[in-house]
Structures are given as structure tokens and as C-alpha cells.
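Here is what each chain is made of, one letter per residue.
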Amino acid sequence: LLLTIDTKAISVDIHNQGPRMRTANDRLHGHLDLLVLQVLAYSPMHGWALAQRLQTVSKDVLRIGQGSIYPALRRLEAEGWVKAEWRVSEAGRRARYYSLTASGRKQLARERAGWSEFVAAVTRLLDPV
Amino acid sequence: VFAKVTNRILALLERSRLDRELDEEMQLHLEQLVAELRMQGHDAGEARRRALRKFGAVNTLRDEARDARGWRWLEVLMRDAGYGLRTLRKRPAFTLVAIVSLAIGVGANTAIFSIVNAILLRELPYENPEELVDLRLQYPDLLFTSQSYPDYEDVRDGTRDVFSGMIASQPCLCSVEDATGESDVFGEVVNGDYFSVLGVRATLGRLIDESDDRARGSHPVVVLSYAYWWSRFGGDPRVIGTELRVRGRNYTVIGVASADYPGVMRGIIRTSIYVPMAMLNELMPGNLLDARDNHNLFVKGRLAPGVSAARAQAAVTSVGTALSEARPSGWDAAATFIIAPTSETLVSPEMDGAIRSTAWLLMIVASLLLLVVCVNLAGFFMARALDRRRELAMRIALGASRGSLVRQLLTETTLLGLIGGAAGVVLALSLLKVAPALDLGLPIRLNPDVSPDGRVFAFTLGISLLAGTLLGLMPALQSWRPDIAATLKSEAASGGRPHRMRLRNALVVAQITVSAVLLVGTGLFLRSLDRQRDLDPGFGQQAAALLNVEVSATQFSPEEGRLYTQRLRDRFATLPGVDSVGMINTLPLQPGRQWMDLRIDGHDPPPDQEVFHADYAIADPGYFESASIALLQGRAFDTRDVAQGERVALVSSAMARRFWPNGDTVGQILHMVASSPALPENSADLRIIGVVDDVVWESLREPPRDLVYVSYSQFYSPFLSFVARTSTDADQTALAMMSSGKEVDPGFVAREPTTIARYLESQFRVAAVVAIIFALFSMLVLTLATVGLYGVVSYAVAKRAREVGIRMALGADASAMRRFLTLGGVRLVALGGGIGLILAILVNRLLSGILYGITSFDVLSFAGAFATLGVTAFIATYLPARRVSEVSAAVALRDN
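Residues numbered from 1 in each chain as written. Chains lettered and ligands numbered in written order. Predicted model: local features only at pLDDT ≥ 70, side-chain atom pairs only at ≥ 80, totals over all residues. Heavy atoms only, no water.

1. As for the overall build of chain A
Item 1. Along its length, chain A carries 5 helices and 3 strands.
Item 2. When the helices and strands of chain A are listed from N to C terminus, the series reads α-α-β-α-α-β-β-α.
Item 3. Look at the contacts in chain A between residues 6 or more apart in sequence, and 49% of them connect residues 24 or more apart.
Item 4. Total accessible area on chain A stands at roughly 7,000 Å², and carbon and sulfur atoms take up 60% of it. (Helix = DSSP H or I, 4+ residues; strand = E, 2+ residues; numbered from the N terminus. Contact = heavy atoms within 4.5 Å. Areas by Shrake-Rupley, 256 points an atom, 1.4 Å probe, with all protein chains shown as cover.)

2. What about the overall build of chain B?
Item 1. Counting its regular elements, chain B contains 26 helices and 22 strands.
Item 2. Here chain B holds 896 residues, and the buried ones make up 51% of them.
Item 3. In the structure as shown, chain B presents an accessible area of about 39,700 Å², 60% of it carried by carbon and sulfur atoms. (Buried < 20%, exposed > 50% of the residue type's maximum accessible area, 1.4 Å probe, protein only.)

3. Here's the deal with helix 5 (residues 102-126) of chain A
Item 1. Between its terminal C-alpha atoms helix 5 of chain A stretches 36 Å, which fits the 36 Å expected from 25 residues at 1.5 Å a residue.
Item 2. Taken together, the buried positions of helix 5 of chain A are occupied by A:Gly104, A:Gln107, A:Leu108, A:Glu111, A:Gly114 and A:Ala121. (Expected span 1.5 Å × (residues − 1).)

4. Concerning the state of the cysteines
Covalent bonding between the sulfur atoms of two cysteines defines a disulfide.
Residues and elements named next belong to chain B.
Item 1. Applying the stated rule across the entire model yields 1 disulfide over all chains.
Item 2. Two residues share a disulfide in this structure: cysteine 172 and cysteine 174, whose sulfurs sit 2.3 Å from each other. Torsion about the S-S bond of the cysteine 172 and cysteine 174 cystine: about 120 degrees, corresponding to right-handed handedness.
Item 3. Assessed through its relative accessible area of 2%, cysteine 172 is described here as buried.
Item 4. The exposure class assigned to cysteine 174 is buried, which follows from its relative accessible area of 2%. (Disulfide = S-S within 2.5 Å.)

5. Structural notes on the sheet that holds strand 2 (residues 82-88) of chain A
To summarise the sheet geometry, strands pair through backbone hydrogen bonds and adopt either a parallel or an antiparallel arrangement.
All names here are of chain A.
Item 1. The strand order across the open sheet built from 3 strands is 1-3-2, with neighbouring strands paired in antiparallel fashion. The outermost strands of the open sheet, each flanked by one partner alone, are strand 1 (45-46) and strand 2.
Item 2. Pairing geometry for strand 2 and strand 3 (residues 94-100), over 7 bridges, is antiparallel. Across the sheet, valine 88 pairs through a bridge with arginine 94, a residue of strand 3.
Item 3. Each of strand 2 and strand 3 is contacted by helix 4 (residues 69-79), which is oriented at about 55 degrees to strand 3, the strand it contacts most. (Pairing = 2+ DSSP bridges. Axes fitted to C-alpha atoms, helices over the stretch in contact; angles between N-to-C directions.)

6. Here we look at the environment of B:Gln644
Item 1. Take B:Gln644: it is sitting in the loop between strand 16 (631-634) and strand 17 (648-652).
Item 2. For the pair B:Gln644 and B:Ser713, spaced 69 residues apart in sequence, the C-alpha separation works out to 9.1 Å.

7. Focus: the packing of aromatic side chains
Item 1. In total, this model carries 24 aromatic pairs over all chains according to the counting rule given.
Item 2. Their ring planes at 10 degrees and their centres at 4.0 Å tell us that B:Phe113 and B:Phe459 sit as a pair that is stacked. Residue B:Phe113 is located in helix 5 (residues 92-121), and its partner B:Phe459 is located in helix 14 (residues 454-479); the two are separated by 346 residues in the primary sequence.
Item 3. Owing to a relative accessible area of 9%, B:Phe113 belongs among the buried residues under this scheme.
Item 4. Put simply, the rings of B:Tyr126, B:Tyr194, B:Phe195, B:Tyr261 and B:Tyr274 touch in pairs and so form one group of aromatic residues.
Item 5. One Lys or Arg, A:Arg94, reaches over the ring of A:Trp86 and ends 3.9 Å from the middle of that ring. (Phe/Tyr/Trp six-rings, centres within 6.5 Å; stacked < 30°, edge-to-face > 60°. Lys NZ or Arg CZ within 6 Å of the ring centre and 35° of its normal.)

8. Observations regarding the confidence of the model for chain B
Item 1. On average, residues of chain B score 83 in pLDDT, and 88% of them reach the 70 mark or higher.
Item 2. For the stretch residues 491-496 of chain B, pLDDT sits under 50, and the model shows 8 contacts to residues farther than four places along the chain or on other chains. (pLDDT = per-residue confidence, 0-100.)

9. Details of the side chain of B:Asn376
Residues and elements named next belong to chain B.
Item 1. Within the fold, asparagine 376 resides in helix 11 (residues 349-387).
Item 2. A distance of 2.4 Å separates the side chain of asparagine 376 from the backbone oxygen of leucine 784, its partner in a polar contact.
Item 3. Other than its neighbours up to four places away in sequence, asparagine 376 contacts Gln511, Leu784, Ala785, Val787 and Gly788. (Polar contact = N/O pair within 3.5 Å; in protein donor to acceptor, adjacent residues only side chain to side chain.)

10. A few points about the packing of helix 17 (residues 558-573) of chain B against helix 20 (residues 730-744) of chain B
Helix-helix packing: each pair is described by the crossing angle between the helix axes and the interaxial distance.
Residues and elements named next belong to chain B.
Item 1. Two elements in contact, helix 17 and helix 20, have axes separated by 10 Å at closest approach and are oriented at 130 degrees. Of the possible angle classes, the one that applies to helix 17 and helix 20 is oblique. Handedness of the helix 17/helix 20 crossing: right-handed. Taken together, the residues of helix 20 that come into contact with helix 17 (itself represented by Arg567, Leu568, Arg571 and Phe572) are Met737, Ser740, Gly741, Glu743 and Val744. (Parallel < 35°, antiparallel > 145°, perpendicular 65-115°, else oblique. Left-handed = near helix turned anticlockwise from the far one by under 90°.)

11. What about the packing of helix 23 (residues 801-809) of chain B against helix 24 (residues 814-843) of chain B?
Residues and elements named next belong to chain B.
Item 1. The N-to-C vectors of helix 23 and helix 24 enclose an angle of 155 degrees; their axes lie 11 Å apart at closest approach. Accordingly, the angle class assigned to the pair helix 23 and helix 24 is roughly antiparallel. Relative to helix 24, helix 23 is oriented so that their crossing is right-handed. Along the contact surface, helix 23 presents Glu803, Val804, Arg807 and Met808, while helix 24 presents Met817, Phe820 and Leu821.
Item 2. Along the lines of polarity and charge, the residues of the contact of helix 23 with helix 24 split into 5 nonpolar, no polar and 2 charged. (Nonpolar A, V, L, I, M, F, W, Y, C, P; charged D, E, K, R; others polar.)

12. Concerning the nonpolar core
Residue and element names in this part refer to chain B.
Item 1. Among the nonpolar cores identified, the biggest contains 109 residues, and Tyr623, Phe624, Ile629, Tyr709 and Leu789 are the most heavily contacted of them.
Item 2. At 16 residues, helix 11 tops the list of elements feeding residues into this core.
Item 3. Within the second largest apolar cluster, 50 residues are counted, among which are Leu283, Ala304, Leu323 and Phe337. (Core = buried A, V, L, I, M, F, W, Y, C linked by side-chain atoms within 4.5 Å.)

13. Brief notes about helix 17 of chain B
All names here are of chain B.
Item 1. Helix length check: helix 17, at 16 residues, gives a terminal C-alpha distance of 22 Å against a target of 22 Å (1.5 Å per residue), a fit within 8%.
Item 2. Looking at helix 17, one finds that the buried residues are Gly561, Arg562, Tyr564, Thr565, Leu568, Arg569 and Phe572. Around the axis of helix 17, the buried residues are gathered within 160 degrees of arc, so they sit on the same side. For helix 17, exposure combined with an orientation more than 90 degrees from the buried face picks out Glu559 and Leu563.
Item 3. Packed against the buried residues of helix 17 are strand 12 (544-550), strand 13 (578-584), strand 21 (719-726) and helix 20. (Arc of directions from axis to C-beta.)

14. Some thoughts on a nonpolar patch on the surface
Residue and element names in this part refer to chain B.
Item 1. Among the surface-exposed residues, Leu831, Ile835, Leu837, Ile838, Leu839, Leu842, Val843 and Leu846 lie close enough to one another that they form a single nonpolar patch of about 720 Å² accessible area.
Item 2. Tracing the backbone through its elements, the reader meets leucine 837 in helix 24.
Item 3. What makes leucine 837 partly exposed here is its relative accessible area of 36%. (Patch = residues over 30% accessible without salt bridge, like charges linked within 9 Å, V, L, I, M, F, W, Y side chains within 5 Å. Salt bridge = Lys/Arg side-chain N within 4 Å of Asp/Glu carboxyl O.)

15. Observations concerning the pairing of strand 19 (residues 684-692) of chain B
Residues and elements named next belong to chain B.
Item 1. Summarising burial for strand 19: 7 of the 9 residues are buried, a large majority.
Item 2. As paired strands, strand 16 and strand 19 are joined by 3 bridges and run antiparallel to one another. Among the inter-strand pairings, glutamine 633 is bridged to a residue of strand 19, identified as valine 691.
Item 3. Taken together, the 5 bridges between strand 17 and strand 19 define a ladder with parallel strand orientation. Looking at the pairing, valine 648 lines up with arginine 687 of strand 19.
Item 4. Sheet topology note: the strand 18 (residues 669-672)/strand 19 ladder contains 4 bridges and is antiparallel. By the bridge assignment for strand 19, isoleucine 669 is matched with arginine 687.

What follows is the structure in C-alpha cells.
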């Protein structure tokens, strides 16, 4: 019984998702990616500020080091979801500012929906009707 | 997607800049961390240690960031490629079939494109080719690509203000002696400016220059082509200064031309040796340097800076006008000079059209073959995708995106395309190695440099990728929206929906359509060839040997030449089996044309002409009997026709009918008018002594024409074709003539020992080669279509095994079942055949210019094509159907 529900839940998930779904392998990255996209959605910011912001949200997300946002940012850039430009920071230093692209916003929406579905599915799994 | 790709490419190019930026960014982050920690009261060293700990492993992160930026796609690609290779390896039989069929498709395209590239596309081997123009000689009814040496001299001297330089080149088949004997090589006799005007450099030594082209006969020097230098001398630099024996005279090797220069024939025929123009009379019989009526020279001019084509045209026209006023011997007042950009001509204006259309026809046929290969394989992939629907649905359910599945499939098929393409290149290279051995029956063997260059490889890579993508795209379109829930729920994944079959059926219909068109085309070609073989050339019905002989013009005067050929003829007549020996200076169907201008009493020339033109040949008394040309009226030449006697002529039956329909031809007079080309005695009256049967002259397809034969005893030619009618093996006779000629004269120059039968057969060689290629392609396509059809029917039959089992258990008989099961296949064939019929009618109309003796609606060709198609299709549908109806009902029911 449990398995059938599970299958149904996930296949529903797929029908709602449209063509772009992250693969299961990407879940771990996806976690950080989702947060980065979410934070950048509010305002463009540079790496340092982004790291501080993420740490206020969760100590754990950057457990392996603040520097881990840089591979994440480069990955998001390569996907075309985030773009970067050099600007002068409040402190008067040259800094690389990251902001969300249009497709980045779409991706954020998808990731959020996927996350909700995932949470819902996990909830249902743990607590079958 | 494009922007993304561009970004990644830029990322690769800009790695160092991006790396610096990353370092700067991470440095800034660390400094901020240190500053913050200092503010919290840590000393410098401690703050730094803590900052590094908080930041994480800098080097690892830098590598990760770098990978994330540019190499992720490569990683994904490698993963997909690995997956694709594993999938391909899992089905070795299918993979092998796919690679072989792709190799055939890509290989055929590559081979044909290499030839098209060599002949049509490769850039001209000259410096600044856009400045070069070809000079031609135009008559009202005839265009010569070539001209005579005196013409060239007049044009060169009369246009020095518009051309910065001019070249002249006389092609020559030169017999060159080496250790193993004599061999004919293609040579060019060139003027002194030739190499400097064309911009050709020497690899070794020096090239022919102005100093070699001054005094006639005094500079026996030769320049070797790079290829000949290697093939004959192994690239030995010590060759400079040695002697090369060409046509019985020693020439000093002075240099080797650069490797990228193939000669003036655009590389279609590659030149082996170059000799100065001043040696022309030594090298070839006939006083070519002074004969204005010998049109053999290829002339090109290089426009001076700022000179327009129009101005150059005006300049050469005025040279022509001046000549027409001066009327030097051999100049035809109707002739004009014209120029045309060198880049626009392949070989000659007369041949270019046929070369181009044949080339494109072959390209189209080859690409159709590749298309059918792809369609066929796509059908297999679609069938496999149907089989794998459950697996695919499962993977999607587990989180794989459709995009990534399609990407994987595309990677797999693209990989297949590339492997097939690589195998195709190997196939093409071996085909091209064999190709030069094809004897096209042309007077000179073509040897274009068809070795693939960058353009060919780019083309092959392109079509391989295209084929791979096409292969993957068709099944991908189908699996784009599989119904996952339904597929996962249903126990068996066999219940395909009808619309999924529809695309595959459409592919089979497309293949049958293409097969139908190609089969009809093949039928048309073969029938046209057959019709041409049936044509009566009017000569050579009885077996005869042929040998072309050149009588040295420097060694022999015409009188001596006649005695020399008399000795040869007497010797040939004693050979075993020889019944009759004759000579003619130009055989029917030999390329090149000679004609005389005539006035005929009681007849007015056509309104736009001052005189009648009639083709002529110089023949001896034995020719007509040897070549089996019947004498219809009067007498043939004989010993009465002496050099100083009344000049006599024989005319063709067509000419006799045209001018003397009452049959009183014999005894009439032909008035030869001055300036008749090639006849040394310019004005003379010819008395007609007889009428001979018509022969074809320029082409097998033409109606009989006006033809005048004059007597060899009264007109001289140093070029002669000996015809020996024989009751034994004509091939043996031809070889015997070759060796007995050497006995008569060790310096005997002869070529192409052959037979009349083979000479006639060679006329069909090009048409036969095209027909064979066409037939080969249509057979390949038909085979593929049959396999595709077989696959579709088998699949349908397998799906219906259960239904058939039930029906048979309920008492349906086997033959009714077979009919029922083949019906689907028959429908596809009927549909494909129907579309094919319409297309064949439309497309093959393009062939009507190439076909002879039949229309493009030739019923027999269509009937033959559709009968072939029908029989093959029947087998392809009947076999799988029979297999299932023989399966016992019990087995079919139990298995399902």
C-alpha cells in the first residue's frame, strides 16, 4: 500500500513539474542552490554578504566552510540562473555582485515547488493515511 | 541554449581571467573574515587561522568552483557517452548493423563529395585567380576552348596594355622512357611566362622561364611535377641536371614545381612534366608553332591592375577584327576571341554542364541513401524505445528529467553517427583508391586529386553528426511524453498505442517512396544505355584491330611519311588473320573536329553563312573495307588517285541525298574554299568519285551528317588510325601491330592498341558507370527499405500473436491469417509505391536531358521498378506473417 501511494505521489509530481527537474543526484547541491537562489531573489549581493546572510538562516548549510558558496555560484552561473558583474562595494572595494536572471527566477519557482512536493511526499510516507 | 553554449566556450577561452577573478573574490572574502575576527579581538595570526577554517579548504573550493563553471557539461557528456557506449555494447548485433549501414551511407557521401570537391569546389591553384581569364575562340556554330600558337602570339602582342601577362599551354601525351620501357605521361608544353604569370614556385631547381622559350628547338629542358618527381624519382634531389628521354629526345631536368600545383587542367588531369613552348615542333608532329588552324593551346591572361573584363574583351575583339581583315592563312573570318573568367570554367564550356549535373545528381542520390539509412535505423531505435518504455518511465519516476533522457538518447545516437562516420571515412578512402582504376573510356585517363582535405572532413563530420542527431531525434520525439503512470501500472509494456506505430509506418512509407524513385531512375538509365548500345554506328561491324600512329613531322616530309606508312601497312597486312588494313586521320567518334568550307554548284549556302561546312577525314583506299563501311555508288579510292592527279572525294550517303537527291552524285564537283582549316592545299576542286554509307561522327545519337572523305595520297596527316580487319582475335592483332611496328621502325610511336568493339564500348563507359552507381544505390536503398518493412510487420505480428492464437483456436485457417497479417504491410507498400510513382514521374523528368531513346515515362522502366519493389515487399511482409501463423495456438496463448 505504501509503495503504490509513493509511486502515485511522485508521478503526480512529475506531471506538474514541466521539463526541467533536477536529478536525484543533485539533491545535495540543490539544497544549497535553492537557498542561494532564494537569497539572491531579494537583492543582488556579493559573495561575502551572501555567506553572512546564509549563516543567519542556517549554521548548517555552510558547515563545510563559507567558501563553498563559490563553487555553488559558479555552478548557478554556468546554468544561466545567476549572473555576476563587478561593482564597487559599500566598503569601496571592487566586488563581484550576483543577481538572479529570468531563468533563475523560474528555476527558483520550480525548486520551491519541487521542495514542497518532496516535503509533502516525505510527510505522507512517514505518516500514511 | 545558444547563449549558454557561447558562455561555456568563452569560459574555456577566458579561463585565466576567470581564475584571477575567482582568486580576487575569495581573497576579498578571506580579508573580510580576518577583519571581522580581528575586531572580535583575535591577533593577526589567530584571525588568519580561524578565517581559513571558517572559509574551508581554499584550494579544493577553487577547483570545485572552476569545475562548476566550465567543465560540468563535459562531465555530463562523458557520463552520457559512457552510458551510450554501454547501451550500444549490450546489443552488439544491432550496433554492428547500425555502424555498417551508417558507414555505407556516410562513406558513399564522403566518396562522392571528395570527387565533387576535387572537381567543382577546390580553389584554383593559381595566385590571385580572380584576375585570370580564359581566352577562347568562337565560331558561329562552335566554341573552342583552345586556340593556335599564332593566334596566341597575335593576342599576346595586341593586348599588352590590358593583360599584365599571358600563358599558353599545349597538352600533350608524352611517351617517356624509363628503365621499364615507355610510358605515356600527361605533359604541358608551356610558354616562358607560364610559371611566373600563374605564380607557381619551384620546390627544387628552377622553373621554365623566358630564356627557355626563345630559339625554337634549342632548349630541351623539362620541369617535373612534384607528384611525378616522387613517383618516378622517389623525390631524389640529384635528379636536377639528369636527362629524361621524352618522345625520343633527351631533355635536361631543370627543376620540380611546387607540390600544390597540379597543372592547367584544374587537377582533373594532373600534369607530370612541363616542356618549353619552343620545343613544341620537336615534341609533336605537324608544324604546330606556325599552323593557325590547329586549336590546341589553352590560353589564359592575367588582367592588369584596374582593367575591367569589358575593356579586356574589347582589346581581344579588336585583335580578332584585325586578323579578319588581314586574312592570314588558316584564320576563319567568322571567328572571334572571347574571354571568360577562369574561375567559371571547369574543363570547357561544352563539358561543364554535363559534369556539373552528373556531380549534383550523384550527390542527391548519395544523400537520399544516407537519409534512408537514418530513417531505417530510427525505426529500430523507435522500436527499442517502445520496448524500453517501462525502463524510461521508471527512470523519470526516480527523478530523471525528460531532457536528460532525450540528451542521453541523442548522445548515444550521435556517438553511433560518429563511429559510423569514422568507418565511413575508411570506406570512402578505399573506394577512392579504387576509383582511378575505373576506365571511363575517355581519351585521357582522369586522375583528379580526390584525397580528402579539410572541407571533406568537415562535410563528413557534419553529415555524421546530422545523421546521429536525426537518428536520435525521431525516437526522442516519440518518447517525449510517455504516459508514466499508465506504463508503470500496466504489467506488460507491450500495449503500444496506435499513434506510436504511425510515425514508424510513415518512415517505412518514406523508404519505399525513395526506393521507388531510385529504382525507376535505374531502370531509365539501364534502358537508355541499352538503346544506345543498339544504335548502329555505321562502321566496325566486323572485328578489327585499332592502333593510333604518329608519324614524326621533323623526321619525315609528307612524301616520306606516306612511304613510311606504306611500309607499316604492308607489314600489318602480313599479320596472321588480317584480311584488310586501312588508315584514317580521324576515326568516327574521336574528339576534336575538322571541317572544310565548300561551294557547291546549284546550291546556295544557308542565309547566315557564306559557304557550306562539311566535316572531313583523310582516308586511304583500305579504310572503308577494313572499317566495314559499304560503298553505295561509284568507286572507293585506289592507286589511280595519285598526288598530282585530279583531287577526288567520297561523300556520305546523307550528303549525297541532301545535294543530289536524284542520285547523280558521282562526278559532281565540290569547290573547296580558301581558309578551310587544317587542309594545307587551300583552294581546290574535289571530284566526287563515290558515295559511302553513313557513319556516326561526333556522337552516337546524332543523325547522319555531311561528311567528305579525301584521299591520303592527296592530303597528308601525321596522325593516323590504322584499322585492321581480322578473322582472328582482334586484341591479339592490335598487340601484334604494336610490336611489328617496332620491327619496321624502332622509333615507331603508337598508342592505344585496341579493337573497334572496345572502342565503341568505351563510348558508353561514362553512362555505364553512372548507371551502375545508380543501380548500386537503389539496391542499397531497397534493401534498407525491405529490412524496415520486415521490422514493422514482424513487430505488428508479434503484438498480434495472442489475437492470432485465439482466432486460430476458434477455427480461422492459416492462409486467411496470413492475409490478415500481411495486410498492414501491403498497405504501407501500396502507399509508398503510390507516392513513389508520382515522385518518380516528377523527379525523373530531370533526367530527360541525359536519357537517350526513351522518354522519362518509359513504361518498361516503371514496370520493372515496381515489379522489383512489389516482389521484395511481398517477401518482406510474407515471411514474418508466415512465421506467426505457423505458431501453434496453444503456444501463442500460453506465452501471453
